[in-house]
Structure formats: structure tokens, C-alpha cells
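For reference, the chains in residue letters:
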Amino acid sequence: MKNKKKLIAIIGPTAVGKTQISLELAKRINAEVISVDSRQVYRYLNIGTDKVDQGIRREIPHHLIDIVDPDQVYSAADFSRDATDAIKRISKRKKTPLLVGGTPFYYKALTGALSKDLPKDLTVRKELEEEIDSKGLFSLYTELKKIDTALAARIHPNDTTRIMRGLEIYRITNKSASWWYKNQKKTDSLYDILYIGLIRSRKILYKNIEQRVKIQFASGYPEEVKWLLNNGYSPKLSALQGFGYRELINFFNSHCSFSEAIYDDIKHTKTFSRKQMTWFKHFEPIHWFDLDTSTTTKTLDDILNKTKEHIGQ
């Protein structure tokens, strides 16, 4: 790890409490936060992605929030480029970059664990768009399941962007995207990242998820989704395929009741939290902190000690 930039990252499942811990830690180590969240990059997706408010962002600068519109494609490679730029700018100001978020692929891209140069072909994309019009998206999703089971299992059947991308890669190379991610030569990381993992018991985590979703639905979330649809953003956009957004779109399209939308959002968020923990267990070096068994003050003190030890403060 010699000569590599030492960074701190706060990871953990959704609703575990990353935001509270990160804000307190940022104050103690004079840090600026880099959001590692694949949904917070999008403008107008505010309530559903749990963004910190503008007042907090003025006090503690946050990067990579609200940087693209919902109809723009934003990849893990884009994140790696933008995060690298943010790290340089923060470090130049003699402040500490603090990575915070729960999108594993973004971390992998930043550390060189994902290929950044998978092929693209506008002609193939055009062919796929025409096939969607003639055959329907589900037909392409069924095709993707046959050639790339792993990728298909990770995405929603209505996720047009990722379905097309998976098929595009296969048709160009005759190998699946998952094969490329596993076998293509990775770049060496510029960073030495200490992962601070936050956990809670499943019972408490699930209770937090249920409470958060209910508060979101009562605090303008439906109006947020309605505004997006009324302003011309297609419900097929990748940005609107995340849990919560797709359930509310189903509600507005009369495919479920309002209470069913809440129930489905809670169910899918819980499923996602389990997947996050599975992914994060493979990160290293990682130090886990159980937020159920210690006070916030004690946890922060322990995290601060680990942080200072790693970055040499």
C-alpha cells in the first residue's frame, strides 16, 4: 500500500445509520463527504434517496450528489472518474475525503476492481431499441437471463438501460458482462481504503427500514414521483427502477394500491439490505461496528481512533 492515498469509507446496509455517523465523523476529522450512492447522483430524486438537506451540505460539503438528470446514463466508471477528481480537490484544500454510501460497484470501480473499458457500439444499441419496440422489453430481459444469469438476477425486469447494456456487451464480444467483470485485467488501485462497516441486528434494521419508508410516503415522496412523470421522465429510466420509485409508478399506473406500494417498497428495501451485506462482507480491510451494542459517542470515539490510525493523524 506504499504511496497510495489513504482514504476512509463508511459502508453498511441501507437505513443502518451511515449518515448520522458520517456527519459527526466529518466534523471531527475536518472532512468533506463523497457520496457513494448510485441514486443520489440524480437530480430531483430527493426524498426517495434520503439525501441530506442543503443546510447540512453547506456546513459539510458533499460531492457527487445532484450531478446528472434522471434521463442521463451514469455508470460505475463515471463515478470512478468523478470521485477521483473530488478526492484530488478535497485533498488540495488540506481536508480529508470521506467516502459514504452503500453502492458496492462504485467502490469496486474506484479501486480498479471493475473493468472501465467494456466495448460500446451505437449500431447495436439502435438494434436493441428497435427490438424493444417490436418485441417488448420483457423479451430482451428473457434473453439476458439466458446469457447472463448473474446480471439478470441483479436488475429489475423493467431496467431498460442495464438490460440493453448487458445484451450490447454480449453481442459485441460473445461473452457476458459478468464474464468480463470477472476475467478482464483490473487496474491497480490508487487508494488504500479503510472500510468502516456499520451493522445492526436484522430486527432493528428492518424496523428502521419500515419507519423510514412510511415517513417518506407521508412526506412528499408520491408528489416527487408524480412531478418526475409529469415533467417527461419515462418510468422506464434506470434512475426510476429503484425500490420506492417503481412501486409508486405502479401505484400511479393503477397496478397496485397505495398501501401495497408501501408494503412492496419495504419488502424490496429489506431484500436489498441483505444483498448489500453479502457484498460488503468481501471488502477489506474492514472494521465492523455494531450500533446496537454501543452508544453513539463510544462508537464515534472508536471509529475516530481507527480513522486517525489509518490516515496518520
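See the structure shown above.
The following paragraphs examine the structure supplied in this document. Owing to the predicted nature of the structure, the values given are computational and were not obtained by experimental measurement. By convention here, each chain's residues receive numbers from 1 onward along its written sequence. The model is predicted, so local features are restricted to residues of pLDDT at least 70 and side-chain atom pairs to those at 80 or more, both for listing and for counting; the totals for chains, interfaces and linings are taken over all residues. Side-chain measures here rest on the full set of heavy atoms in the structure, leaving out hydrogens and waters.

## Focus: a negative patch on the surface
Together, E127, E129, E130 and D133 make up a region of like negative charge exposed at the surface. Mapped onto the fold, D133 is located in helix α5 (residues 122–135). Two distance rules govern patches: like charges are joined within 9 Å, and nonpolar side chains (Val, Leu, Ile, Met, Phe, Trp, Tyr) within 5 Å, applied only to residues with over 30% relative accessible area and no salt bridge. Per-residue and other accessible areas were derived by the Shrake-Rupley procedure at a 1.4 Å probe size, with only the shown protein chains allowed to occlude residues. One side-chain nitrogen of Lys or Arg within 4 Å of one carboxyl oxygen of Asp or Glu is enough to make a salt bridge. Within this scheme the basic residues Lys and Arg register as positive and the acidic residues Asp and Glu register as negative, but His and the chain ends are omitted. To locate a charge, take atom NZ for lysine, CZ for arginine, CG for aspartate or CD for glutamate. Starting at the N terminus, helices and strands are each numbered in turn, a helix being any DSSP run of H or I of at least four residues and a strand any DSSP run of E of at least two.

## Let's talk about the packing of helix α11 (residues 221–230) against helix α12 (residues 245–252)
A fitted line through C-alpha atoms serves as each axis, taken over the contacting stretch for helices, and the angle formed by two N-to-C directions is quoted from 0 to 180°. Running from N to C, α11 and α12 point in directions that differ by 75°, and their axes come no closer than 10 Å. Classified by the angle between their axes, α11 and α12 sit roughly perpendicular to one another. On the side of α11, the interface is formed by Y221, P222, E224, V225, K226, L228 and L229, while α12 contributes Y245, L248, I249 and F252. Angle categories are assigned with fixed cut-offs, so that under 35 degrees is roughly parallel, over 145 is roughly antiparallel, 65 to 115 is roughly perpendicular, and the rest are oblique. Contact between two residues is taken to exist if any of their heavy atoms lie within 4.5 Å; hydrogens are not considered.

## Some remarks on the pattern of salt bridges
Opposite charge on two side chains lets them pair, provided their charged atoms get close. Counted according to the given criterion, the structure contains 22 salt bridges. The salt bridge involving K298 is made with D302; its shortest N-O contact spans 2.7 Å. Linking K298 with D302, this pair stays in helix α14 (residues 296–311), spanning 4 residues, or about one helical turn. The rule is simple: take the accessible area with a 1.4 Å probe, protein chains only, and divide by the maximum for that residue type; under 20% is buried, over 50% is exposed, in between is partly exposed. When its relative accessible area of 42% is taken as the criterion, K298 is described as partly exposed. Via salt bridges that share partners, E131, K135, E143 and R171 belong to a single interconnected network.

## Some words on the nonpolar core
Across soluble globular proteins, you tend to see nonpolar side chains buried next to one another. As used in this record, nonpolar core signifies buried Ala, Val, Leu, Ile, Met, Phe, Trp, Tyr and Cys residues forming a set joined through side-chain atoms within 4.5 Å. L98, L99, Y107 and L198 are the most contacted members of the largest nonpolar core, which totals 67 residues. Among residues more than four places away in sequence, those in contact with L98 are I8, I10, S22, L25, A26, A31, E32, V33 and I34. Of all hydrophobic cores here, the second largest spans 17 residues; its members include V124, I155, I169 and W180.

## Quick word on the environment of I147
Counting through the fold element by element, I147 comes out in helix α6 (residues 137–147). Spatially, the C-alpha atoms of I147 and K175 are 8.3 Å apart, while their sequence positions differ by 28 residues. When near neighbours in sequence (up to four residues on either side) are disregarded, I147 contacts L167, Y170 and S176.

## Some remarks on the packing of aromatic side chains
To pair, rings of Phe, Tyr and Trp, with the six-membered ring standing in for Trp, must have centres within 6.5 Å; the planes then decide the type, stacked if under 30 degrees apart, edge-to-face if over 60, and tilted in the middle. Under the definition given, this model contains 19 aromatic pairs. A centroid spacing of 5.0 Å and a plane angle of 65° characterise the contact between Y195 and F283, whose relative ring orientation is edge-to-face. Residue Y195 is found in strand β5 (residues 191–199), and its partner F283 is found in the loop between α13 (258–280) and β6 (286–290); the two are separated by 88 residues along the sequence. Within the aromatic cluster, the residues linked to one another by ring pairs are F217, Y221, Y245, F251, F252 and F258. Just above the ring of F243 sits the side chain of R39; from NZ or CZ to the centre is 4.4 Å. Seen from the ring of W179, K175 lies directly overhead, with NZ or CZ sitting 4.6 Å from the centre. A ring has a charge above it when a Lys NZ or an Arg CZ is no more than 6 Å from the ring centre and no more than 35 degrees off the ring normal.

## Things to note about α11
Taken as a whole, α11 has its buried residues at Y221, P222, E224, V225 and L228. Taken around the axis of α11, the buried residues stretch over an arc of 160°, which confines them to a single face. Residues E223 and N230 are exposed on α11 and point more than 90 degrees away from its buried face. Each element contacted by the buried residues of α11 is listed here: α10 (202–217), α12 and α13. Of the residues trailing α11, G232 is marked for its positive phi of about 90°. Working definition: the arc comes from the directions between the helix axis and the C-beta atoms, pointing outward to the latter.

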